[in-house]
Amino acid sequence: MTRTNIDWRLGDSHHLDELRLSPLQLVTLGQAFHWTDRDALLSALDKLVAAGGAVVVVGGPAPGAIEPPAWLDVVAEVRTRYLGPERRAGSGAYTHPEESHKEVLARSPFSRIEVARWDRTVARDLDSVIGLQFSYSYSSPAKLGKHKDAFEQDLRKALLAFTPSGQFDEVIRTEAIIATRP
(Lines give C-alpha, C1' and ligand atoms only; values in the text may rest on other atoms or scores of the structure.)
Protein backbone atom coordinates (compact mmCIF):
# COMPACT_ATOMS: atom_id res chain seq x y z
CA MET A 1 0.00 0.00 0.00
CA THR A 2 1.45 3.35 -1.00
CA ARG A 3 0.76 6.34 1.22
CA THR A 4 0.32 9.62 -0.60
CA ASN A 5 -0.68 11.83 2.32
CA ILE A 6 2.84 12.43 3.62
CA ASP A 7 4.80 15.44 2.46
CA TRP A 8 8.44 15.33 3.58
CA ARG A 9 10.29 18.62 4.05
CA LEU A 10 13.90 19.27 4.92
CA GLY A 11 14.40 22.11 7.35
CA ASP A 12 15.00 23.02 10.95
CA SER A 13 13.25 24.74 13.80
CA HIS A 14 14.83 28.11 13.00
CA HIS A 15 13.32 28.30 9.52
CA LEU A 16 9.81 26.89 9.80
CA ASP A 17 8.33 29.90 8.02
CA GLU A 18 10.45 29.12 4.94
CA LEU A 19 8.97 25.62 4.60
CA ARG A 20 5.58 26.97 3.46
CA LEU A 21 3.68 24.44 5.53
CA SER A 22 -0.07 23.98 5.47
CA PRO A 23 -1.76 23.99 8.88
CA LEU A 24 -0.54 21.01 10.88
CA GLN A 25 -2.66 18.69 13.00
CA LEU A 26 0.20 17.06 14.88
CA VAL A 27 3.84 17.97 15.44
CA THR A 28 6.08 15.37 17.05
CA LEU A 29 9.34 16.43 18.62
CA GLY A 30 11.92 13.93 19.77
CA GLN A 31 14.80 13.75 22.17
CA ALA A 32 16.50 16.76 20.55
CA PHE A 33 13.79 19.19 21.71
CA HIS A 34 16.13 20.29 24.52
CA TRP A 35 18.69 21.50 21.94
CA THR A 36 16.23 24.01 20.49
CA ASP A 37 15.13 27.40 21.74
CA ARG A 38 12.02 25.70 23.08
CA ASP A 39 10.04 28.90 23.74
CA ALA A 40 10.71 30.28 20.26
CA LEU A 41 9.91 26.95 18.61
CA LEU A 42 6.59 26.62 20.43
CA SER A 43 5.71 30.20 19.53
CA ALA A 44 6.41 29.44 15.85
CA LEU A 45 4.37 26.23 16.08
CA ASP A 46 1.46 28.23 17.50
CA LYS A 47 1.16 29.85 14.08
CA LEU A 48 1.39 26.49 12.26
CA VAL A 49 -0.66 24.05 14.32
CA ALA A 50 -4.36 24.09 13.45
CA ALA A 51 -7.05 24.63 16.06
CA GLY A 52 -7.52 21.31 17.81
CA GLY A 53 -4.01 20.22 16.85
CA ALA A 54 -1.28 19.08 19.21
CA VAL A 55 2.43 19.10 19.90
CA VAL A 56 3.86 15.86 21.27
CA VAL A 57 7.33 15.56 22.77
CA VAL A 58 8.54 11.96 22.81
CA GLY A 59 11.65 10.84 24.63
CA GLY A 60 13.05 9.73 27.91
CA PRO A 61 11.99 11.12 31.26
CA ALA A 62 13.67 13.98 33.10
CA PRO A 63 16.80 12.96 35.03
CA GLY A 64 15.93 11.30 38.31
CA ALA A 65 12.50 10.13 37.21
CA ILE A 66 13.52 6.47 37.35
CA GLU A 67 16.32 4.74 39.23
CA PRO A 68 19.26 4.04 36.90
CA PRO A 69 20.86 0.62 37.10
CA ALA A 70 23.97 0.40 39.29
CA TRP A 71 26.14 -0.73 36.37
CA LEU A 72 25.79 2.75 34.83
CA ASP A 73 27.95 4.06 37.70
CA VAL A 74 30.69 1.71 36.50
CA VAL A 75 30.39 3.11 32.98
CA ALA A 76 30.45 6.69 34.30
CA GLU A 77 33.54 6.02 36.40
CA VAL A 78 35.51 4.61 33.45
CA ARG A 79 34.28 7.35 31.10
CA THR A 80 35.28 10.02 33.63
CA ARG A 81 38.78 8.54 33.86
CA TYR A 82 39.19 8.95 30.11
CA LEU A 83 37.16 12.06 29.32
CA GLY A 84 36.85 13.98 32.57
CA PRO A 85 33.76 14.76 34.64
CA GLU A 86 32.06 17.04 32.11
CA ARG A 87 29.63 15.42 29.71
CA ARG A 88 30.78 16.79 26.37
CA ALA A 89 28.46 17.68 23.55
CA GLY A 90 29.58 19.16 20.26
CA SER A 91 32.37 21.60 21.01
CA GLY A 92 31.24 22.27 24.58
CA ALA A 93 29.88 20.65 27.70
CA TYR A 94 26.33 19.36 28.05
CA THR A 95 24.13 20.40 30.90
CA HIS A 96 20.55 19.25 31.13
CA PRO A 97 18.07 22.13 30.84
CA GLU A 98 16.99 23.55 34.18
CA GLU A 99 13.35 23.54 33.11
CA SER A 100 11.58 20.35 32.14
CA HIS A 101 9.78 20.04 28.82
CA LYS A 102 6.49 20.04 30.74
CA GLU A 103 7.34 23.36 32.41
CA VAL A 104 8.19 24.95 29.06
CA LEU A 105 5.04 23.57 27.45
CA ALA A 106 2.90 24.74 30.39
CA ARG A 107 3.74 28.38 29.69
CA SER A 108 3.37 28.00 25.93
CA PRO A 109 0.22 28.26 23.82
CA PHE A 110 0.07 24.44 24.17
CA SER A 111 -0.40 24.49 27.93
CA ARG A 112 -2.92 21.67 28.36
CA ILE A 113 -0.70 18.68 29.07
CA GLU A 114 -1.20 14.95 29.30
CA VAL A 115 1.63 12.46 29.75
CA ALA A 116 1.69 8.85 28.62
CA ARG A 117 4.49 6.60 29.87
CA TRP A 118 5.75 3.18 28.87
CA ASP A 119 8.36 1.24 30.83
CA ARG A 120 10.20 -1.77 29.51
CA THR A 121 13.25 -3.69 30.63
CA VAL A 122 16.06 -3.94 28.13
CA ALA A 123 18.62 -6.71 28.62
CA ARG A 124 21.97 -5.99 27.03
CA ASP A 125 25.06 -8.12 26.69
CA LEU A 126 28.54 -6.69 27.20
CA ASP A 127 29.10 -5.88 23.53
CA SER A 128 25.80 -4.00 23.40
CA VAL A 129 26.72 -1.90 26.44
CA ILE A 130 30.10 -1.04 24.90
CA GLY A 131 28.50 -0.22 21.55
CA LEU A 132 25.95 1.98 23.26
CA GLN A 133 28.71 4.03 24.87
CA PHE A 134 30.37 4.52 21.49
CA SER A 135 27.04 5.68 20.03
CA TYR A 136 26.81 8.66 22.38
CA SER A 137 28.29 11.94 21.21
CA TYR A 138 29.98 12.41 24.58
CA SER A 139 31.81 9.05 24.50
CA SER A 140 32.11 8.41 20.78
CA PRO A 141 35.26 6.96 19.22
CA ALA A 142 35.96 10.47 17.90
CA LYS A 143 35.87 11.92 21.45
CA LEU A 144 38.05 9.11 22.79
CA GLY A 145 40.54 9.38 19.91
CA LYS A 146 43.68 7.32 20.42
CA HIS A 147 42.34 6.17 23.82
CA LYS A 148 39.35 4.31 22.32
CA ASP A 149 40.85 0.82 22.56
CA ALA A 150 42.14 1.32 26.11
CA PHE A 151 38.76 2.75 27.15
CA GLU A 152 37.01 -0.28 25.68
CA GLN A 153 39.34 -2.73 27.43
CA ASP A 154 39.00 -0.96 30.78
CA LEU A 155 35.24 -0.70 30.44
CA ARG A 156 34.91 -4.41 29.58
CA LYS A 157 37.04 -5.36 32.56
CA ALA A 158 35.17 -3.09 34.99
CA LEU A 159 31.71 -4.16 33.79
CA LEU A 160 32.55 -7.87 33.99
CA ALA A 161 34.00 -7.41 37.48
CA PHE A 162 30.72 -5.74 38.49
CA THR A 163 28.39 -8.14 36.65
CA PRO A 164 30.20 -11.41 35.84
CA SER A 165 27.15 -12.79 34.01
CA GLY A 166 27.67 -10.16 31.29
CA GLN A 167 23.95 -9.30 31.22
CA PHE A 168 23.03 -5.71 31.97
CA ASP A 169 19.35 -4.94 32.53
CA GLU A 170 17.92 -1.45 32.44
CA VAL A 171 14.40 -0.11 32.80
CA ILE A 172 13.80 2.28 29.93
CA ARG A 173 10.95 4.76 30.19
CA THR A 174 9.50 6.42 27.15
CA GLU A 175 7.30 9.45 27.69
CA ALA A 176 4.95 11.19 25.33
CA ILE A 177 4.06 14.67 26.54
CA ILE A 178 0.89 15.58 24.66
CA ALA A 179 0.32 19.34 24.61
CA THR A 180 -2.75 21.06 23.24
CA ARG A 181 -4.24 24.51 23.52
CA PRO A 182 -6.58 25.06 26.49
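Above this text you will find the structure in question.
Rules used in this analysis
Residues numbered from 1 in each chain as written. Predicted model: local features only at pLDDT ≥ 70, side-chain atom pairs only at ≥ 80, totals over all residues. Heavy atoms only, no water. Salt bridge = Lys/Arg side-chain N within 4 Å of Asp/Glu carboxyl O. Helix = DSSP H or I, 4+ residues; strand = E, 2+ residues; numbered from the N terminus. 1 Å grid on protein atoms, 1.4 Å probe; cavity = no way out; pocket = protein on both sides within 12 Å on 5 of 7 lines; lining within 4 Å. Points joined across faces, edges and corners; volume = space filled by probe spheres on them. Nonpolar A, V, L, I, M, F, W, Y, C, P; charged D, E, K, R; others polar. Pairing = 2+ DSSP bridges. Axes fitted to C-alpha atoms, helices over the stretch in contact; angles between N-to-C directions. Expected span 1.5 Å × (residues − 1). Buried < 20%, exposed > 50% of the residue type's maximum accessible area, 1.4 Å probe, protein only. Arc of directions from axis to C-beta.

Caption draft 1: Layout of the pattern of salt bridges. Using the criterion set out here, one finds 12 salt bridges in the structure. Notably, a salt bridge pairs Asp 127 with Arg 156, separated by 2.8 Å at the nearest N-O pair. Placement of the pair is Asp 127 in helix α4 (residues 126–135) and Arg 156 in helix α6 (residues 148–162), with a sequence separation of 29 residues. A salt bridge links Glu 152 to Lys 148, with the shortest nitrogen-to-oxygen separation between them at 3.4 Å.

Caption draft 2: Geometry of the layout of surface pockets. Taken as a whole, the second largest pocket encloses approximately 510 Å³ of empty space. Lining of the second largest pocket is provided by 17 residues; of these, Arg 9, Leu 21, Leu 24, Val 27 and Thr 28 occupy positions nearest its centre. Contributing elements (two or more residues each) for the lining of the second largest pocket: β1 (24–29) and α1 (38–48). Of the residues forming the lining of the second largest pocket, the biggest block, 5 residues, is contributed by β1. Of the residues that constitute the lining of the second largest pocket, the class distribution is 11 nonpolar, 3 polar and 3 charged.

Caption draft 3: Spatial organisation of the sheet that holds strand β2 (residues 49–59). Strand order in the open sheet made by the 4 strands is β1-β2-β6-β5, with mixed pairing throughout. The sheet is open, and its two borders are formed by β1 and β5 (112–125), each paired with just one other strand. Strand-to-strand, the axes of this sheet are offset by a mean angle of 15°, without reference to chain direction. Inspection of the sheet shows β2 paired to strand β6 (residues 167–180) by 6 bridges, in the antiparallel sense.

Caption draft 4: Representation of helix α2 (residues 71–83). Along its 13 residues, α2 runs 18 Å from first to last C-alpha, staying within 8% of the 18 Å computed at 1.5 Å per residue. Buried within α2 are the following residues: Trp 71, Val 74, Val 75, Val 78, Arg 79 and Leu 83. Buried residues of α2, viewed axially, fall in a sector of 140°; they line one side.

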